[in-house]
Amino acid sequence: MANWCMVIDLEKCVACQACSVACRMENNTPVVSPEEAKNGRAIRWNDVFPLPVHIAPEQGEYPNVKTHYATRPCMHCENAPCVKTCPVQATYIDEEGIVRQNYDRCIGCRFCTVSCPYGVRYFNWYAPQWEGTLENHLNPDELSVNGSLEGPAVRPVGVVEKCTYCVHRLVKARERAAAEGREFRADEYVPACVQTCTGKARYFGDLDDPDSTVSQLSKSLRATHLLEDSGAHPKTLYLAEG
Amino acid sequence: MQPILTAQDRENLVSPLFKFDRQFWMTIAVLSVITLPGLALYVRQLFLGLGVTDLNRPVFWGAYLVNFIFLIGISMAGTVISAVLHLLHIEWRRPITRIAESLTVFGLMTAGLQIIMDMGRPDRLINTILYGRLQAPLMWDIASLTLYLLTASFALYLQLIPDIAFMRDSTPENAPTWRKKLYSTLSLGWRGNKEQWTRLEKAITTVSVILIPIGVSLHTVTSWLFSTTVQPGWKSTILGPYFVVGAIYSGIGLLFIAVTFATQYNHHLKSYITDTFYKNLGWIFIVMSFVWFYFTLNETLVVTTEQETLEFPVMAAKLFGEFAPAFWGMNVLMVATTWILIALKVPNKASSNPLFKTTTGLVMTVLAVVTFIALALNIPTLHGAFVELGLLIAFIVFFVLALLGLTGWFQAHLIPSTVIASAFVLFGMWLERWNILMPTLTHARIIPYTTYFPTVTEVALTISTFGILTLIFVVFYKFFPSISIWEVEAGRALEIKNGG
């Protein structure tokens, strides 16, 4: 079984937020009004923000300034706090190392959102809405596991949702390979953010395959994790700047 | 030998339960009026979603969770008073065991409501049974809460059986048939013979022993809800015992208020619940206040000294930041409480010194409140090294003088002073829970710092919750005596025996 992993090269990243947009279109994340967004209600499975978070993005005096940005999907932690605290097993790590969410089972207690050190989990405060014609362009894909919704189809109000490494694309790629009567290859599956990345700063693949790009990159001296000491054993890798 | 329970007792304790007078209906009407807006807003929340609250990312939990811990906390009163004091054979517990036990049951019921209010999908509550993971802290809490509620209800009912039988035998002729039927069914054929008493005593002792660890477990598990998320500010091993101590502290506070409310409601009860109860439970209250300070100091000192990059911003928000008014307000209330409680224990000496006059005390109280508000509001024109320091010193001086001035009044008014101290503790403990939850939630690790203030819906639902709690209390004691009649009887019998 594969151990899917994403590597983000911060040296290459230009913080253009194309990954955020691609994620939104691929996964049908609802749009909120600017006021709601200001109140922390925006849903961005893939977020781009300045690092460090708690001080002004620009440090130093002009012209000697420096700015760092990070883009942040789910870390798909190996010791995921969200999975450990979910009372109903609505979120779980599948056998391929992806932290998944069962939208039909979630009771909306928001224990996972509180325990996630990365803030990658989002709650549907209201029923999802789209502005104008956006609603006509929803991704029609739908992933159901044992009759429970897990895929990009629109989630109901009151449940938690999160980045799934576009797991529906994995299912589709496998089905296509099976229909064509051939073996599924790991490079047939990439999440939308990786596919769209302008600077080609994102890599995706099987971390357990020693020849894959991601496992080669994981050996880089620049390879690091976000909040390495959080105890969650995050999997998504970053290649540090500089 | 005279019968231990006189006709007067019957008149005092049983007759009011059959009088649905104006006072009763007025109480019900007032409580319903304050409860209904919250219920209406809850229905709105059900339809629209939790967006009607001020919750956001990362403040995913708010007023509902604060109320939940608070209500869990006040439910500790019953366990301590009834179970511990029962096992220690402490006599003065007898008249108030009933109210104490019922507060446990009612507190837990309303605490359960908070969880449902806070859920994004209350319609999926059944999933906790269908797919419940016993490894999840929330499931520990649900299991512990359910077990505690069942055991406490059972304990309450056990202790009620002889009194229900007494009610059955004392029901007035003109009482409605359904009430006669209610009492005769619920009394389970109690005849009060020796065998039944022996069995009941055994059962009550057993349940008391079981109740104590369950009570402690619930408060500890509730603290684990937070500490298992390993977020800065919650990642603490002290949280478990701190919650247990806080629970006993606020539980006793509510018990004082509930008992005083009951005696004010039915004046006859004053001959059963005497000053002795206030004095004796006051000692436990003092001990708890010191234990509480001890834990608060431990929690605050270590994190402040360490100045660790993740933990310290949370603590700084409490000490000097936006949570300072709530944090220091809580501490001021608790200091005042401890002072009042100790003042009640020292002899009252009249003094001619104007510093110890009640009027001086009242003036100083007003000044202290004004300076505290000025500090809390953080008015920009008041900034500056000396202005702020001056205000702080002024507040401390006014506060000390206020306590000194009012000491004489406190000493002369046992029950009002105890109620004031209890109200301070309840409000202070609500703030304590707020100070545990909110600074951590608003200071997430890699999400920008944010703020949270309850919306109208959350405030109305909080008011509703306390309305419902009082409503259950008032209605329950219209059907069952608020004094444990048989315990009073047993106490008197013991007195006669010991007296010769």
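Before reading further, recall that the structure is shown in the block above.
Residues numbered from 1 in each chain as written. Chains lettered and ligands numbered in written order. Predicted model: local features only at pLDDT ≥ 70, side-chain atom pairs only at ≥ 80, totals over all residues.

### Let's talk about the overall build of chain B
The helix and strand inventory of chain B stands at 18 helices and zero strands. Taken over the C-alpha atoms alone, chain B extends approximately 75 × 70 × 40 Å along its principal axes. The long-range fraction of contacts in chain B, counting pairs at least 24 apart against all pairs at least 6 apart in sequence, stands at 84%. (Helix = DSSP H or I, 4+ residues; strand = E, 2+ residues; numbered from the N terminus. Contact = placed C-beta atoms within 7 Å.)

### Some words on the overall build of chain A
A tally of helices and strands in chain A yields seven helices and 13 strands. Dimensions of chain A, computed from C-alpha atoms along their principal axes, come out at roughly 55 × 45 × 35 Å. A total of 242 residues make up chain A; the buried ones form 45% of that total. A sequence separation of at least 24 residues applies to 65% of the contacts in chain A between residues at least 6 apart. (Buried ≥ 20, exposed ≤ 12 C-beta atoms within 10 Å, placed from the backbone.)

### Section: the nonpolar core
All names here are of chain B. The biggest cluster of nonpolar side chains holds 184 residues, and the ones touching the most others in it are Ala77, Leu103, Ile248, Ile252 and Leu255. Here this core gets 15 residues from one element, more than from any other, and that element is helix H10 (residues 239-265). For Ile248, the contacting residues outside a window of four places in its chain are Met76, Val80 and Met288. (Core = buried A, V, L, I, M, F, W, Y, C linked by C-beta atoms within 7 Å.)

### With respect to the packing of H10(B) against helix H16 (residues 414-442) of chain B
All names here are of chain B. The interhelical angle for the contact between H10 and H16, taken along N-to-C directions, is 140°, at an axis separation of 8 Å. Of the possible angle classes, the one that applies to H10 and H16 is oblique. The handedness of the crossing between H10 and H16 comes out as left-handed. Here Gly246, Tyr249, Ser250, Gly253, Leu254, Phe256, Ile257 and Thr260 of H10 come into contact with H16, specifically with Ile415, Thr418, Val419, Ser422, Ala423, Val425, Leu426, Met429 and Glu432. Among the residues forming the contact of H10 with H16, the class breakdown is ten nonpolar, six polar and one charged. (Axes fitted to C-alpha atoms, helices over the stretch in contact; angles between N-to-C directions. Parallel < 35°, antiparallel > 145°, perpendicular 65-115°, else oblique. Left-handed = near helix turned anticlockwise from the far one by under 90°. Nonpolar A, V, L, I, M, F, W, Y, C, P; charged D, E, K, R; others polar.)

### Things to note about the interface of chain A and chain B
Listed as interface residues are 36 residues of chain A and, on the opposing side, 34 residues of chain B. Sorting the residues of the side of chain A that touches chain B by element identifies helix H3 (81-85), helix H4 (111-115) and strand S7 (122-123) of chain A as the ones contributing at least two each. Ranked by the residues each element gives to the side of chain A that touches chain B, the list is headed by H4(A), at four residues.

### What about the environment of A:Thr224?
Residues and elements named next belong to chain A. Within the fold, Thr224 resides in strand S12 (residues 223-224). With 13 C-beta atoms counted inside 10 Å, the residue Thr224 sits in the partly exposed group. Along the backbone, Thr224 and Pro234 are ten residues apart, and their C-alpha atoms lie at a distance of 9.8 Å. Beyond its immediate sequence surroundings of up to four residues, Thr224 is in contact with Tyr238 and Ala240.

### Some thoughts on helix H14 (residues 358-377) of chain B
Compared with an ideal rise of 1.5 Å per residue, which puts 20 residues at 28 Å, H14(B) spans 28 Å between its outermost C-alpha atoms and is within 8% of the ideal. Each element contacted by the buried residues of H14(B) is listed here: helix H15 (385-412) of chain B. (Expected span 1.5 Å × (residues − 1).)

### Focus: the sheet that holds strand S11 (residues 202-206) of chain A
All names here are of chain A. Strand order in the open sheet made by the four strands is S11-S1-S13-S12, with mixed pairing throughout. Looking along the sheet, the strands with just one partner apiece sit at the ends: S11 and S12. With two bridges joining them, S12 and strand S13 (residues 237-239) adopt antiparallel strand pairing. Counted as the bridge partner of Thr224 is Tyr238 from S13. (Pairing = 2+ DSSP bridges.)

### As for the packing of helix H2 (residues 22-48) of chain B against helix H17 (residues 456-479) of chain B
Residue and element names in this part refer to chain B. Contact pair H2 / H17: the axes reach a minimum separation of 8 Å and the direction vectors enclose 140°. You can see that H2 and H17 cross each other, and the crossing is left-handed. Of H17, the residues touching H2 (which contributes Phe24, Thr27, Ile28, Leu31, Ile34, Thr35, Pro37, Gly38, Leu39, Leu41, Tyr42 and Gln45) are Thr457, Ala460, Leu461, Ile463, Ser464, Gly467, Ile468, Thr470, Leu471, Val474 and Lys478. A class-by-class count of the residues in the contact of H2 with H17 yields 14 nonpolar, eight polar and one charged.

### Structural notes on the environment of A:Ala179
All names here are of chain A. With respect to the element layout, Ala179 can be found in helix H5 (residues 167-179). The class for Ala179 is exposed, based on 8 C-beta atoms found within 10 Å. With 138 residues separating them along the chain, Ala179 and Arg41 place their C-alpha atoms 41 Å apart.

### Some remarks on H10(B)
In this model, H10(B) (27 residues) spans 38 Å end to end at C-alpha, consistent with the 39 Å of a helix rising 1.5 Å per residue. With 20 of 27 residues buried, H10(B) lies mostly within the body of the structure.

### Points about unusual backbone geometry
Residue and element names in this part refer to chain A. The step from Leu51 to Pro52 runs through a cis peptide bond, and the omega angle for that step is -10°. Considering the arrangement of structural elements, one finds Pro52 in the loop between strand S2 (47-51) and strand S3 (58-59). In this chain, Tyr62 is followed by Pro63 through a cis amide linkage whose omega measures 0°. As for its placement among the helices and strands, Pro63 is situated in the loop between S3 and strand S4 (66-72). Notably, Lys200 is not glycine yet its phi reads approximately 50°, a positive angle.

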